[in-house]
Amino acid sequence: MDTLMIELLTRLGWTSLQSVLLVALVWGVCRLLPALPTATRCRLWWLVAAQAVLGLVWSSPLELAVLPAPAAPATQLVALPAAETALASAPDMTGAVAMAAPQALWSWPALLLAAWVAGVLVMLVHSLRGYRHSRALVRGAADCTDATLQQALHLAAEAHGLRRAPTLKVSAQIRSPQLIGPWRPVLLLPARELQAMSADDLDMALTHELVHLQRRDLWWGLLPALAQHLFFFHPLVHLAAREYAVAREEACDGAVVAGQGHCRHDYGRLLVQLGVAPRPAVGVASASPNFRSLKRRLLTLQQTRRFPRVAALAITAMVVLVGVAPMRLVAAVTPPPPAPPAPAAPRVPTSPTPLPAAAPLAAPAPQVAPQPVAVPIAPAPPAAPRAPEPPKALGDGMALVTHGKLDLSRQPAQAFVLMGGDSNFVDASLADLKQAKHDAHGDEPALWVRRGQERYLIRDPAVLRQLARSQADVAALGSAQAALGTLQSELGQHLADVSMQVTADAMASVDVAAVANLAARQSGASAASEAAQAARQARIAARKAVDTEQIAQVAREQAEMGREQARLARQQSVASARASRDVRAAIDQALSSGKAERLRD
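What comes next concerns the included structure. This one's a predicted model, so the numbers in the text were calculated from it and none came from an experiment. (Residues numbered from 1 in each chain as written. Predicted model: local features only at pLDDT ≥ 70, side-chain atom pairs only at ≥ 80, totals over all residues. Heavy atoms only, no water.)

## Observations concerning the nonpolar core
Counting 35 residues, the largest nonpolar core has Val26, Leu44, Trp45, Val48 and Phe231 as its most contacted members. The leading source of residues in this core is helix α2 (residues 38-57), at 11 residues. Here Val48 is in contact with Leu22, Val23, Val26 and Ala240, once residues within four sequence places are set aside. In terms of nonpolar packing, the next biggest core, distinct from the first, is built from 32 residues, Cys144, Ala156, Leu187 and Ala277 among them. (Core = buried A, V, L, I, M, F, W, Y, C linked by side-chain atoms within 4.5 Å. Buried < 20%, exposed > 50% of the residue type's maximum accessible area, 1.4 Å probe, protein only. Helix = DSSP H or I, 4+ residues; strand = E, 2+ residues; numbered from the N terminus. Contact = heavy atoms within 4.5 Å.)

## A closer look at the side chain of Arg450
In this structure, Arg450 sits in strand β12 (residues 446-451). Arg450 has contacts with Gln411, Pro412, Ala413, Gln414, Ala415, Asp432 and Arg455, leaving out every residue within four places of it along the chain.

## What about unusual backbone geometry?
Note on backbone geometry: most residues besides glycine have negative phi, and most peptide bonds are trans. Located in the positive-phi region is Arg216, a residue other than glycine, with phi close to 55°. Examined against the element boundaries, Arg216 turns out to sit in the loop between α8 (199-215) and α9 (217-220).

## Looking at the pattern of salt bridges
A complete count under the given rule lists 13 salt bridges for this structure. Residues Arg292 and Glu243 are paired through a salt bridge, measuring 3.9 Å at the closest nitrogen-oxygen approach. Here Arg292 is found in helix α13 (residues 291-301), whereas its partner Glu243 is found in helix α11 (residues 235-259), with 49 residues between them in sequence. As a salt-bridge pair, Arg297 and Asp253 come within 2.8 Å of each other at their nearest N and O atoms. With Arg297 in helix α13 and Asp253 in helix α11, the pair connects residues that are 44 residues apart, well separated along the chain. Arg297 sits in the buried class, given a relative accessible area of 1%. Given the relative accessible area of 1%, Asp253 is considered buried. (Salt bridge = Lys/Arg side-chain N within 4 Å of Asp/Glu carboxyl O.)

By themselves, these figures tell us nothing about what the structure is for.
As structure tokens, this is what we get:
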């Protein structure tokens, strides 16, 4: 129940915001283009009401990723070796849900929804009263017995392409002609004013009402009335409905003076004569509802400039494409974290410069034990990353390789777990993952959904096939990242081995040079011995150079793998965001179509 309340309130909020933008757009167009045809203005204001109603019934609104991107997801690829223990120790949410059920009745979504329902009911009661009043007018009216007037009405109806003329009645309770009811329309004429109206005035009044029937205004007007009921709290929706009604009357006025050849001055005089009268609840009237509307209708009659028909159609199409389809603003795709810098190749100490050979002494000096020589040690290479362990499975066979967003501490308001194949795609907490494993009862593909406190299970093959491709893309990118991590681990181990060998060679090189120089000073070693020592040192230096080149090569390969892993991370972030949108759209469609099985505790 909480899920439906939150979803309805969310749609009301987003639709109200979009209505503000659409009203601003239509108002700006009508203000900047005063020569815009009245029929086009009528359509534009009607589209505002259509957008408001569609926003509540459209199951999958268009998502515009324009909001700032949230923080990086907590987990892109999670391998939980000890997840079975963690799930077993997770607190049971059943008791908490049962305790929170009474409190949910007094939550703010419930209060807001109750206020909205109450407002809609008040509007409905007001409309029912107006409908009963209109029907009472029809029942209290007398049938028109003037054969000439009846014949003129039928001829005018045939001229306007109407299959059947409306029923003509005369009422003493009205002051201007009125057309009541979309189902069985009845044309009411004022009994007192009818005697004072000339034949031309009566013809123009009848033509005005027949144009309403020809345009089907009584049927089209039901949608703005519905929007006013559903969005009783939105002043701009009421403004759009009033502007639609005024533009509708102006369009009929234009059709009367243009199609029937009547004089604009005579028709304006008729409008002033009819004056101001309340509009019927389920019909239209020739009189204006207020003086402001009457003034606008008279000013519109004075406009004779023509507007290109193609431009009017283009403006209508633009409003339909831009503003009518329900839209929601969502967060942009989370940018992937920057790739860690590749470890720099360890610096290797240069070979010490051999000391010059000392001249032989006249008398041998006593032997002195060689002193230890301080040797600069190359810094230890960074620890190689551990390769990810292969995914383990729970007792029920659900793989623990989890893609998406897994919150280990907080439980979100809405969650889903898409189970299928060797991996899961989730936006849930650890408790939700445990509950999904319990509710699935097997390793068959399924989509587990939680909306507030309600849980659903979707096993429809069509829905799962629709989501299988997105899930496979995310899983493939995760597997590629895992394989790349394993290769980076092997390269790191190789780099550590080579660095240790370089360090050992450097220490041996320094020890050999120090011992050779000390022996040359103390015992006057021969040139051949010095040459042998120099050759050995050269071999060590050559091997050290080779090892240094290997370190540099491994470092370059690690840097290249780091860039590749950053690219895979970006692709996985985009794929995860797209898959999450696909899953949520599929969930909304399955809930609205009844394909989701509601789970009971």
